Every structure is written in structure tokens, then in C-alpha cells.
Amino acid sequence: MTPRANTAIASRSIGSMVLSSYYSVHVSDSCCTVLCVCDAESEDELSFEKGDLIELLAHEGTDWLKGRLADQVGVFPREFVEILEDIPEDQVAAMAAEAAEAEAKAAREQHYDRPCCRATFDFDGQDSSELSFRKGDMINLLSRIDADWLKGECDGKEGIFPDPFVDVLKDLAADNGEASDDGPASSTPAGGGGEKGAAVAAPADKTKKDGGSSGRTDPYCVALFDYKGEAADELTFLEGDEIFLLRRIDEQWLEGVHVNKTGVFPADFVEIKIDLLKNEEVKLSKNIKAETDLSPRVEALFDFDAENDDELTFKTGDTIYLLDREGSDWYQGELNGKIGKFPTNFVKVIVDLP
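So, a few notes on the structure that sits alongside this text. (Residues numbered from 1 in each chain as written. Predicted model: local features only at pLDDT ≥ 70, side-chain atom pairs only at ≥ 80, totals over all residues. Heavy atoms only, no water.)

### Describing the sheet that holds strand E19 (residues 270–274)
An order of E18-E17-E16-E15-E19 is seen for the five strands of this open sheet, with the pairing classed as antiparallel. Edge positions in the sheet fall to strand E18 (261–266) and E19, since each has one partner strand and no second. The average angle at which neighbouring strand axes cross in this sheet is 40 degrees, direction not considered. The pairing of strand E17 (residues 253–258) with E18 spans six bridges and is antiparallel. Counted as the bridge partner of Gly256 is Gly263 from E18. (Pairing = 2+ DSSP bridges. Helix = DSSP H or I, 4+ residues; strand = E, 2+ residues; numbered from the N terminus. Axes fitted to C-alpha atoms, helices over the stretch in contact; angles between N-to-C directions.)

### What about the packing of aromatic side chains?
Inspection of every chain in the model, using the stated rule, returns 17 aromatic pairs. The interplanar angle of 90 degrees and the centroid separation of 5.5 Å between the aromatic rings of Phe133 and Phe161 together place this pair among those described as edge-to-face. A residue pair is termed long-range when its members are at least 10 positions apart, and Phe133 in the loop between strand E8 (116–119) and strand E9 (138–144) and Phe161 in strand E11 (residues 157–162) qualify at 28 residues. Using a relative accessible area of 1% as the deciding quantity, one classes Phe133 as buried. Its relative accessible area of 0% is what places Phe161 among the buried residues. Taking 6.5 Å as the distance between ring centres and 75 degrees as the angle between the ring planes, the aromatic pair formed by Phe304 and Trp330 counts as edge-to-face. Remark: Trp330 occurs in strand E22 (residues 330–335) and Phe304 occurs in the loop between strand E20 (297–300) and strand E21 (319–326); sequence separation between them is 26 residues. The class of Phe304 is buried, set by a relative accessible area of 10%. For Trp330, a relative accessible area of 27% corresponds to the partly exposed category. Taken together, the ring pairs in this structure connect Phe121, Phe123, Phe133, Trp149, Phe161, Phe165 and Phe244 into an aromatic cluster. The ring of Trp330 has Lys341 sitting right over it, with the charged end atom 5.1 Å from the ring centre. (Phe/Tyr/Trp six-rings, centres within 6.5 Å; stacked < 30°, edge-to-face > 60°. Buried < 20%, exposed > 50% of the residue type's maximum accessible area, 1.4 Å probe, protein only. Lys NZ or Arg CZ within 6 Å of the ring centre and 35° of its normal.)

### Concerning the sheet that holds strand E6 (residues 72–77)
One open sheet accounts for five strands, arranged E6-E5-E4-E2-E7; its pairing is antiparallel. Either end of the sheet is taken by a strand with one partner, and the two such strands are E6 and strand E7 (81–85). When the angles between neighbouring strand axes are averaged without regard to direction, this sheet yields 40 degrees.

### Here's the deal with the pairing of E21
Relative to E21, E20 runs antiparallel, the two sharing three bridges. Bridge assignment links Arg297 to a residue of E21, and that residue is Tyr321. Two elements, E21 and E22, share five bridges in a ladder whose sense is antiparallel. Among the inter-strand pairings, Leu322 is bridged to a residue of E22, identified as Gly333. What sits between the antiparallel neighbours E21 and E22 is a turn of three residues, in which Gly327 has the positive phi angle 70 degrees.

### Structural notes on the layout of surface pockets
Taken as a whole, the second largest pocket holds about 480 Å³ of empty space. Around the second largest pocket sit 21 residues that line it, and His59, Gly61, Ala96, Ser328 and Asp329 are the ones nearest its centre. Of all elements in the fold, only strand E4 (53–60) and helix H2 (89–111) reach the threshold of two or more residues within the lining of the second largest pocket. Tallying contributions element by element places H2 first for the lining of the second largest pocket, with eight residues. When the residues that make up the lining of the second largest pocket are grouped by side-chain class, the tally is nine nonpolar, six polar and six charged. (1 Å grid on protein atoms, 1.4 Å probe; cavity = no way out; pocket = protein on both sides within 12 Å on 5 of 7 lines; lining within 4 Å. Points joined across faces, edges and corners; volume = space filled by probe spheres on them. Nonpolar A, V, L, I, M, F, W, Y, C, P; charged D, E, K, R; others polar.)

Given below as C-alpha cells:
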């Protein structure tokens, strides 16, 4: 925006005085008065004259405001006005959170121009047909094998991997459920989390360890009875549902994933088809600890490289523990023993500060 010399207009005249009086009565309590004449340089900016009273609608970062003047809405530099009554802090914080979410969503939509997912756990493929990845990795989706397995590409490598290990950001088209290159399509209904009667594909080179033909090699069990979870951390399932196993809590309880929910359930309600290996159980228990942690924390949506000594560098997918909020645009947090501040719109809140 460009300030304009106010030589031609020494005052706004009687009409302007009436206009200002009108605004003082009709605008919301949040408003500012203009200190100089300015012309908008783009369509989203607001032009105004010295002395105008602008209704404040939002804070746009630290240097810009958004407001309404007559029937025009636009942004303008904060330094060109004097705030008479600011927007309440809690409302500013809410607006900042909404703006950050909208910005992050727009960035995701722009970035994810094809079906993809983000790894929520590390996964080590057991053979050449499976795709190995680390938590936070981005994976391009190629096809759905069945209710529990997907096929994708990561770092130039293609392979299949279990659905519970990822968070789908942009799903495959509804008609993209045909067989992958690994094998022919099957008309057998998928058990558990899939839709009953849906056609699925099974990879030809994978054989179920218990002698079955579903192609599964991941630890899982089948429900022997219906079970309705009585607590928030318990799973609910029906007889015949398949549950992906994460770890054994004790002799009576297991932890698993069913219909994209992680929870515990009694071991005597299921029949284990493929049991957890000791090394898998230890590895997964570390991941589950992070999922059940109630400490205030965020997950990085983008890489951030610190520009100052007091800022924190992190990578996409990193979990950062929150220590404090610095204004509406910055957090202070800890990652790998380092403490620093970082912008709120680079992260997604998992557990917010109290």
C-alpha cells in the first residue's frame, strides 16, 4: 500500500464528519482510526483517507490488519492506523488458529496433487514386495490391495504396506481399487475394517503364515465374539472382525488398531492368527508411548530451518513438546533436548497447552 500526500484534502468536510459519526455508532467495538491517506495496490487491500474509522475484523500476522470501511473489506498495514479498541485476545488467538489451519490446509491441497499419505509409524518391510519407511515419510498412493494393505511409492521405491501405519492425506479415487501389479483381483470380502462384500486384491507373492490365503504377514487377530469398549481407550468390534496387533499389555489384554482407531481389548475375545514377534512388540511399544502421551505437543507439517539462535529447527513429522506460547504466531518447544521458538502455522497441535 502507498501512503498518499494529503495536500488536496485538508479535512474530510462535513460529509466525512457525518460518516465518522455513523461509524462510531454502527461498527463493532473493535476499530481503528486512519493516520494517513493510502491507496490500495492490490485487490485484497483497503484504500482509505485520513480520519476514516475502520471496523477491525482480524489480525493478519503482526504487521497487517483486516477491516471493513463502508462496503469494502480488505487488509492494510498496522502502522497506518491507530487502534482505538482492539479485538479481544482470545478472539485474535482463535482467528490465528483458524488462519494457520486454513493456510496449512491450502498448502496441503496445493502440495497433494495426487493420492498420498504420511507415515505415522516406522515400518520395516519383511520382503522385497513390502515398502519400508520411517515415521513422517510421505508416500504416493498407487492402489489399495485390500482393507488392510495399500501399495505406494516412497523415495523411488514401490511396495505394499499396512494401512494402520499411515494417515491418508488425499485418498485414492473411489474407482481406484483394482488389483495392483502384485496379483489378480479377488472377489472375497475383506474381513474386519473393510466394507463387507467389497472386491479386494491379494498380492500373489505373499502367503499367510498360518496357512491361510489372505496374503497377510502382519501381526493380527480375529474377534471370536462381539466386544463393546467400556472406556475411551478400548476398542469396539464385532465377531469376525480382524484387528491389527500392536503390542501385548499383559496376559489378559492386547493393544491393536481397528477401523483406524488404536485401543486395548481382552485377549480371550480374539484368536491370534499371526502373533507379535518380540522385536516388533518392543519397536511398536515405543511408538504407542508417543500416541498415548498426554504432554502438550505438536507435529511438524513442514520443515522449518531456524534463522536465529532462539529458534528451533525441525523436519516434517517431528514431534515437538510445547513449553509456552509466544503471542499468537509462535510457540516455544523442545525437540531432542533443544529448546527454541517456532511459528504456529508450521505445526499441527496434538495436545494443546492448558
